[in-house]
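Here's the letter readout for the chains.
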Amino acid sequence: MSFLRKLLAYAYEVSFLRKLLGGIVLKHAVVRAGATVTRFAQEKQPLIKMQHWAWILVRATLVTGLCFVILYPLFFKISISFKARADMLDPTVLWIPKHFTLENFRFAAETLNYADTFVNSLFISLLTTVLQVISCALAAFGFARLKFRGSGILFALAVFTIVVPSQTLMIPTYLNYRFFDIAGIIGLFTGTNGINLLDSYWPFILQAATGMGIKSGLFIFIFRQFFRGIPKELEEAAYIDGCSVFQTFYRIMLPNAVPAIITVFLFSFVWMWNDNYFVSLLLTRIKVLSTMLPTMWTATQFEDGLYAYMIKNTGELLFIAPIIILYMFVQRYFVESIERTGLVG
Amino acid sequence: MMKGVTLLQKKSLLGVLFVSPWFLGFIFLFAIPLYQSLVYSFNNLVVAIGGFDTEFAGLKFYEEIFYKHPTFNRLLMESIVDLVINIPSIVIFSLFAATLLNQKFRGRVLARAIFFLPVLLATNLLTIEQSSDLATVAQTVTGGVDGEGLKSSELEALMLQSGFGSGITSYITGSVNRIYEIISHSGVQILIFLAGLQSVSPSLYEAAKIEGATSYESFWKITFPMVSPLILTNIIYTVIDSYNYNKLSVLINDTAFKALDFSLSAAMSWVYFGVTSIILLILVRAVSSKVFYYD
């Protein structure tokens, strides 16, 4: 893998060459001192053109090189997942398998219990994402447009919530859901120490609906910045036409905030899907993909290390496939909408 | 329906209403647990079947962490060093990548789509770095399909010969060797920088060009100051992001749910939180004085 090495050496060479050529061109012009050459240099600007082309070349090399670095592990996994075991040992097989097989996928899906865990993962991720988008948009609209005393401090606190590591809140969170109670009210009725919400979807619903999910502070920040960027006149016009604040929010602000919604939706979904911390903290009986994945290959490990490695890669591919498919659909809006996400001022 | 209330008052009342779901969550799922976690770290927490009990233990757990625990100090030190090493690499790389992606060239949409892919795949669940024992097994069996990884020994020789210090050389070559790790941790940062670059008014560049500035000059005189507030944002984000792939987080988890030592784990998490906040404060102080604000 000397690709990067070559790339860097090449970039160095090109910039060196650029200077050299620039020097030659200049010297040429000085030695001749002819007006024609100077005019030629002024009109055609060979130096600047050269620079321009050199930069295009360097940029193309850098972009393709970095894209390659990003995509390489993905291609590697895809290649492995279709190989039969014999292909792994065959030195003549590099990328494209000789014995094309879907056996790895079948086995990985089986050990992951893919049908069930996929549905669970999807359900949790979608549920929390939708709730999180709603709660964060509501709070952000409040912070951006409906100022009240102390809203500035509350917004600062909202952003502060992401600075605190989730590990610091881990134990109280666990105990609170284990013995869930609101100010002792439930305890009065049932006569116990609250109810056990572990192994249910309630903790996720509660966290997301109250804007305390994974990195909610960041989402509130994104939405607030975006809402602040929408012209006030638009909102005022709506008020004059007789809209209430709620109507203005979902008729005017939300349709205009589609780029922000897409960004938050994608991030929220992906981070929930990839999350291993909350699901392993709060769920033990309900299995999701991110809790199954780290251990799925261990059963085969002792018999056959290589096969376990193949299964592991295939499982990881199965794990990221839904995200990549989602990204393919959303990517167009996502990549093009960054300009207008208002992530910045 | 609301008589005697001005529009402004009505709006601020509704503001409270809009924010209230978040505020409830903040109180019950953040502020109170945060306080409880601090309390637990000073108390001996015993969990039984029907509930849990605390008994005051003072600084016992903090002493245990620093004087008795076999790995905590080392892991803490390691994570601090990792953070300090990673922050400059990630911030510089993401600014560079954002500048690159902000230019107009053919295939830009595709390149952008690929550059944001690591945002989606950045999870400690995937062993992309090929560092596990299993990967070594596979490599020895297969004769190293994925080779030696990305190496930069020639760059190192080149830099040393051209008179760079050995410290900076090993830092840069180290970063190049960890290029995948850096890319995979800088997705959101690239996004933030890109949004910032796009909000810089083109008229500034035009004016500079008319005055005869080269693109190199206009990068340092316009682009860099304009996005400098985002450098601060990105440093903070990098620190926050590091919680997710830190070895210390694993230790804190294991202490609670494998060793069932809840109080010790709470104390550890507070030490960790304290140290990262100090680092954050220092960084914010150091950087914010240098940052340029346009308005």
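Residues numbered from 1 in each chain as written. Chains lettered and ligands numbered in written order. Predicted model: local features only at pLDDT ≥ 70, side-chain atom pairs only at ≥ 80, totals over all residues. Heavy atoms only, no water.

Caption draft 1: Examining the overall build of chain A more closely. What chain A contains, in helices and strands, is 18 helices and zero strands. The proportion of buried residues among the 345 residues of chain A is 51%. A sequence separation of at least 24 residues applies to 73% of the contacts in chain A between residues at least 6 apart. Put simply, chain A shows about 16800 Å² of open surface, and 68% of that area lies on carbon and sulfur atoms. (Helix = DSSP H or I, 4+ residues; strand = E, 2+ residues; numbered from the N terminus. Buried < 20%, exposed > 50% of the residue type's maximum accessible area, 1.4 Å probe, protein only. Contact = heavy atoms within 4.5 Å. Areas by Shrake-Rupley, 256 points an atom, 1.4 Å probe, with all protein chains shown as cover.)

Caption draft 2: Inspection of the packing of helix α13 (residues 247-257) of chain B against helix α14 (residues 262-288) of chain B at higher detail. All names here are of chain B. The N-to-C vectors of α13 and α14 enclose an angle of 160°; their axes lie 7 Å apart at closest approach. As the angle between them shows, α13 and α14 are arranged roughly antiparallel. Seen from above, α13 lies across α14 with left-handed handedness. Within the contact between the two elements, α13 uses Leu248, Ser249, Leu251, Ile252, Thr255, Ala256 and Phe257 and α14 uses Phe262, Leu264, Ser265, Met268, Ser269 and Tyr272. Residue classes in the contact of α13 with α14 are distributed as nine nonpolar, four polar and no charged. (Axes fitted to C-alpha atoms, helices over the stretch in contact; angles between N-to-C directions. Parallel < 35°, antiparallel > 145°, perpendicular 65-115°, else oblique. Left-handed = near helix turned anticlockwise from the far one by under 90°. Nonpolar A, V, L, I, M, F, W, Y, C, P; charged D, E, K, R; others polar.)

Caption draft 3: Highlighting the confidence of the model for chain A. Averaged over every residue, the pLDDT of chain A is 79; the share at 70 or more is 79%. By mean pLDDT, helix α1 (residues 3-32) of chain A is the weakest element of chain A at 56, and helix α6 (residues 114-145) of chain A is the strongest at 91. (pLDDT = per-residue confidence, 0-100.)

Caption draft 4: Seen up close, a nonpolar patch on the surface. Taken together, the side chains of Phe75, Ile78, Leu94, Trp95 and Ile96 of chain A define a hydrophobic patch exposed on the protein surface, amounting to about 520 Å² of accessible area. Along the chain, the position of tryptophan 95 of chain A falls in the loop between α4 (85-89) and α5 (103-112). (Patch = residues over 30% accessible without salt bridge, like charges linked within 9 Å, V, L, I, M, F, W, Y side chains within 5 Å. Salt bridge = Lys/Arg side-chain N within 4 Å of Asp/Glu carboxyl O.)

Caption draft 5: Highlighting the UniProt feature "transmembrane region" (unreviewed entry) in chain B. Residue and element names in this part refer to chain B. Taking the numbering used here, the UniProt-annotated feature "transmembrane region" (unreviewed entry) corresponds to residues 12-35, 83-102, 109-128, 179-197, 218-240 and 260-284. Helix makes up 100% of residues 12-35 and strand 0%. Its end C-alpha atoms lie 29 Å apart. From the first C-alpha to the last, residues 179-197 spans 23 Å; its make-up is 89% helix and 0% strand. (UniProt positions renumbered as here; feature names shortened; annotations may be inferred.)

Caption draft 6: The interface of chain A and chain B, seen in detail. If you look at the interface, chain A gives 96 residues, while chain B gives 96 residues. Buried surface at the junction of chain A and chain B, both sides included, amounts to about 9000 Å², of which 79% is carbon and sulfur. Counting the contacts that link chain A with chain B gives one salt bridge. Residues aspartate 241 of chain B and lysine 215 of chain A are paired through a salt bridge, measuring 3.5 Å at the closest nitrogen-oxygen approach. Element by element, the count of residues in the side of chain A that touches chain B is highest for helix α18 (residues 305-341) of chain A, at 16 residues. (Buried area = accessible area lost by both parts, 1.4 Å probe.)

Caption draft 7: Spatial organisation of the pattern of salt bridges. All names here are of chain A. Scanning the entire structure with this criterion turns up nine salt bridges over all chains. Among the salt bridges present, the one from arginine 106 reaches glutamate 110, with a minimum N-O distance of 3.0 Å. Taken together, the residues arginine 106 and glutamate 110, both in helix α5 and four residues apart, mark about one turn of the helix. Each of Lys77, Lys312 and Glu316 takes part in one network of salt bridges that share partners.

Caption draft 8: Representation of the nonpolar core. In this structure, Phe143, Ile171, Ile220, Phe223, Phe227 and Trp271 of chain A together with Trp22 of chain B are the most contacted members of the largest nonpolar core, which totals 168 residues. Non-local contacts of tryptophan 22 of chain B, meaning those with residues more than four positions away in its chain, are made with Ala139, Phe143, Leu154, Leu157, Ala158, Thr210, Gly211, Met212 and Ile220 of chain A. (Core = buried A, V, L, I, M, F, W, Y, C linked by side-chain atoms within 4.5 Å.)

Caption draft 9: Examining the packing of aromatic side chains more closely. Going through the model one piece at a time under the given rule, you end up with 35 aromatic pairs over all chains. Their ring planes at 20° and their centres at 6.4 Å tell us that tyrosine 174 of chain A and phenylalanine 262 of chain B sit as a pair that is stacked. In this pair, tyrosine 174 of chain A sits in helix α8 (residues 170-178) while phenylalanine 262 of chain B sits in helix α14, so the two residues belong to two different chains. Across the pair, phenylalanine 262 of chain B and tyrosine 174 of chain A agree in class, each one buried. Note on phenylalanine 219 of chain B and tryptophan 220 of chain B: the rings are 5.1 Å apart at their centroids and 90° apart in plane angle, and the pair reads as edge-to-face. Ring-pair connections join several aromatic residues into one group, and the members of that group are Phe143, Phe155, Phe160 and Phe221 of chain A together with Trp22, Phe23, Phe26 and Phe30 of chain B. Geometry around tryptophan 271 of chain A places lysine 215 of chain A over its ring, the cationic atom sitting 4.4 Å from the centre. (Phe/Tyr/Trp six-rings, centres within 6.5 Å; stacked < 30°, edge-to-face > 60°. Lys NZ or Arg CZ within 6 Å of the ring centre and 35° of its normal.)

Caption draft 10: Quick look at the environment of alanine 259 of chain B. For alanine 259 of chain B, the position within the fold is in the loop between α13 and α14. C-alpha separation for the pair alanine 259 of chain B and isoleucine 27 of chain B, spaced 232 residues apart in sequence, amounts to 30 Å.

Caption draft 11: Fine view of the side chain of asparagine 43 of chain B. Residues and elements named next belong to chain B. Assignment of secondary structure puts asparagine 43 in strand β1 (residues 43-47). Asparagine 43 sits in the buried class, given a relative accessible area of 10%. Here valine 39 takes part through its backbone oxygen, which lies 2.7 Å from a polar atom of the side chain of asparagine 43. Residues contacting asparagine 43, with those up to four places away along its chain left out, are Thr54, Glu55, Phe56, Ala57, Phe61 and Ser263. (Polar contact = N/O pair within 3.5 Å; in protein donor to acceptor, adjacent residues only side chain to side chain.)

Caption draft 12: Main features of unusual backbone geometry. All names here are of chain A. The backbone of asparagine 113 shows a phi angle near 55°, a positive value even though the residue is not glycine. Considering the arrangement of structural elements, one finds asparagine 113 in the loop between α5 and α6. For asparagine 113, a relative accessible area of 39% translates into the label partly exposed.

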